[in-house]
Amino acid sequence: MTATTEAGVTGTSTAVNPVLRVAPASPAAAAAYFGASLAFHADVSDVAAALAAGGDPGFVVLDSRSTESWDQGHVPGAIHLPTALIPEQAEQLLDKSVPVVTYCWGPGCNGATRAALALAELGFQVKEMLGGFEYWAREGFEFETWEGRERRTADPLTAPQDAADCGC
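Residues numbered from 1 in each chain as written. Predicted model: local features only at pLDDT ≥ 70, side-chain atom pairs only at ≥ 80, totals over all residues. Heavy atoms only, no water.

**Q** Describe the overall build of the protein chain, and please don't skip the residues or the numbers.
**A** Helices and strands together make up the secondary structure of the protein chain, namely six helices and nine strands. Relative to its full complement of 168 residues, the protein chain shows a buried share of 30%. A separation threshold of at least 6 residues defines the contact pool for the protein chain, and within that pool the share at least 24 residues apart is 58%. (Helix = DSSP H or I, 4+ residues; strand = E, 2+ residues; numbered from the N terminus. Buried < 20%, exposed > 50% of the residue type's maximum accessible area, 1.4 Å probe, protein only. Contact = heavy atoms within 4.5 Å.)

Right under this line is the structure:
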């Protein structure tokens with residue numbers, strides 16, 4: 001028996017699975033989307049590698065969380081500027097010619113997105129660091145607290161155990 005699926009494909013009568021219920025984008029549309037995504041986002045590991053390479057990485061890192069959150073831990077060398085203060089303080093703390101990489105707590109928080117939007121509206125070039133502080137710490141990168149520097153063991157679900165990088 002033949003039937004037309006929800007995706008418009010004629011074939012044998014089978015249910016369309018949830019993944020293909022909406023057909024994938026064309027390769028050209030996918031390339032445009034994913035290329036644009038990379039212009040807006042940076043990976044925690046890439047940010048860490050650029051900062052660890054020494055010298056000027058060509059960007060600044062901005063922690064958009066509260067002072068209490070900053071004190072619990074932050075990326076070494078990051079600038080602390082809570083999202084709510086960006087409109088009044090960003091132009092005194094940041095140089096518009098230097099791209100800014102924002103972060104907040106983690107994937108469940110959109111604070112870095114809101115901070116990136118506020119900075120972009122002020123004319124800054126900006127990217128959001130995917131994973132935020134949570135993945136920075138989970139991947140075993142050093143962070144600063146009000147008590148000094150710390151490092152946690154890398155979580156094997158987020159970082160390779162026996163390799164220099166994940167190969168992404």
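**Q** Any details on helix α2 (residues 44-52)? Residues and values, ideally.
**A** Looking at α2, one finds that the buried residues are V44, V47 and A48. For α2, the angular spread of buried residues about the axis comes to 100°, placing them on one side. Where α2 begins, the capping side chain belongs to D43, and its oxygen is found 2.7 Å from the backbone nitrogen of S45. (Arc of directions from axis to C-beta. Polar contact = N/O pair within 3.5 Å; in protein donor to acceptor, adjacent residues only side chain to side chain.)

**Q** Which residues make up the pattern of salt bridges, and what values do they have?
**A** Under the counting rule described, the total for this entry stands at six salt bridges. For E134, the salt bridge goes to R138, with nearest N and O atoms at 3.2 Å. One end of the pair is E134 and the other is R138, both in helix α6 (residues 132-138) and four residues apart, which spans about a single turn. For E134, a relative accessible area of 33% puts it in the partly exposed group. For R138, a relative accessible area of 24% puts it in the partly exposed group. (Salt bridge = Lys/Arg side-chain N within 4 Å of Asp/Glu carboxyl O.)

**Q** I'd like to hear about the sheet that holds strand β7 (residues 126-130), residue by residue, with values.
**A** Ordered in space as β3-β7-β6-β4-β5, the five strands form an open sheet in which the pairing is parallel. Every interior strand has two partners, whereas the edge strands, β3 (41-43) and β5 (79-80), have only one. One ladder, built from four bridges, connects strand β4 (residues 60-63) with strand β6 (residues 100-103); its direction is parallel. Pairing of V60 across the sheet is with V100, part of β6. (Pairing = 2+ DSSP bridges.)

**Q** Provide a residue-level description of the nonpolar core, including the pertinent values.
**A** One finds V47, V61, V75, Y103, M129 and W136 to be the most contacted residues of the largest nonpolar core, which totals 16 residues. Looking at this core, the elements that each hand over two or more residues are α2, β6 and α6. Beyond its immediate stretch of four places on either side in the chain, V75 contacts L51, V61, Y103, M129, F133, W136 and E144. Grouped together as the second largest cluster of nonpolar side chains are twelve residues, I86, V100, A118 and F124 included. (Core = buried A, V, L, I, M, F, W, Y, C linked by side-chain atoms within 4.5 Å.)

**Q** Go over helix α5 (residues 111-121) with me, naming the residues and quoting the values.
**A** Buried within α5 we find G111, A112, A115, A116, A118 and L119. Seen along its axis, α5 keeps its buried residues to an arc of 160°; they face one direction. Looking at the buried side of α5, the elements it contacts are β4, α4 (86-93), β6 and β7. Directly after α5, the chain includes G123, whose backbone phi takes a positive value near 100°.

**Q** A description of the environment of G77 should follow, citing residues and the corresponding values.
**A** Relative to the assigned elements, G77 resides in the loop between α3 (67-72) and β5. Given a relative accessible area of 67%, G77 falls into the exposed group. In this structure, the C-alpha to C-alpha distance between G77 and E144, residues 67 residues apart in sequence, is 8.8 Å.

**Q** Can you explain the packing of aromatic side chains? Please cite residues and give values.
**A** Pairs of aromatic rings are described using the distance from one ring centre to the other and the angle between the two planes. Scanning the model with the defined rule gives four aromatic pairs in all. With 5.0 Å between their ring centres and 80° between their planes, Y33 and F34 make a pair best called edge-to-face. By relative accessible area, which is 55% here, Y33 ends up exposed. When its relative accessible area of 52% is taken as the criterion, F34 is described as exposed. (Phe/Tyr/Trp six-rings, centres within 6.5 Å; stacked < 30°, edge-to-face > 60°.)

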